[in-house]
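# Breakdown of the fold
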Amino acid sequence: QVQLVESGGGLVQAGGSLRLSCAASGRTFSSYAMGWFRQAPGKEREFVAAISCTAGSTYYVDSVKGRFTISRDNAKNTVFLQMNNLKPEDTADYYCAVSLYCHIGNSRDFASWGQGTQVTVSS
């Protein structure tokens, strides 16, 4: 069983930045890909970014490319999401998740979730 705890959300003005963190425990963190998802009110959950277990490959949804950066520190069992140039449409609850695999597959490979952290971007 893996436990994931997100932090770093908050209220920010459009154009601002936030850095989300997700601390993992209870599993060999360095063996699995990690991902960030988000869900806005009334919308389906969206697969935002992912990073392979070795950090050799990353994935970003088109809407965040060039603005968000996912990274991980396997020594600290933590994955990060640096979010720059935030837009009101980035407003959502953000969740980190751990994959069943080392490589980045698809969103269905992510089986364990944190409790989420809220991000609100004002215009």
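In what follows, the accompanying structure is described. Only a predicted model underlies this, so the values are computations on that prediction, with no experimental measurement involved.

### Considerations on the state of the cysteines
Under the criterion given, the structure shown has 2 disulfides. Paired by a disulfide, Cys22 and Cys96 hold their sulfur atoms 1.9 Å apart. Handedness of the Cys22-Cys96 disulfide follows from its S-S torsion of about 40°: it is right-handed. Here Cys96 lies in strand β9 (residues 92-99) and Cys22 lies in strand β3 (residues 18-25), a separation of 74 residues in the sequence. This pair shows no difference in class: Cys22 is buried, exactly as Cys96 is. Across the disulfide from Cys53 sits Cys102; the S-S distance is 1.8 Å. Every disulfide takes its handedness from the sign of the S-S torsion; for Cys53 and Cys102 that torsion is -50°, giving left-handed. Placement of Cys53 in the loop between β5 (46-51) and β6 (58-60) and of Cys102 in the loop between β9 and β10 (110-113) is noted, with a sequence separation of 49 residues between them. When the bonded cysteines of the chain are counted from the start of the sequence, the pairing works out to 1-3, 2-4.

### So, the pairing of β5
Counting buried positions along β5 yields 5 of 6 residues, so the element is predominantly enclosed. Two strands pair when backbone bridges link them, and strand β4 (residues 34-39) and β5 are joined in this way by 5 bridges, in the antiparallel orientation. Its bridge partner lying in β5, Trp36 is registered against Ala49. For β5 and β6, the ladder comprises 3 bridges, and the chain directions are antiparallel. In the strand pairing of β6, Ala50 is matched with Tyr59. A loop of 6 residues connects β5 with β6, the two strands running antiparallel in sequence, and Ala55 in this loop sits at a positive phi of about 65°.

Reading guide: rules and limits
Residues numbered from 1 in each chain as written. Predicted model: local features only at pLDDT ≥ 70, side-chain atom pairs only at ≥ 80, totals over all residues. Heavy atoms only, no water. Disulfide = S-S within 2.5 Å. Helix = DSSP H or I, 4+ residues; strand = E, 2+ residues; numbered from the N terminus. Buried < 20%, exposed > 50% of the residue type's maximum accessible area, 1.4 Å probe, protein only. Pairing = 2+ DSSP bridges.

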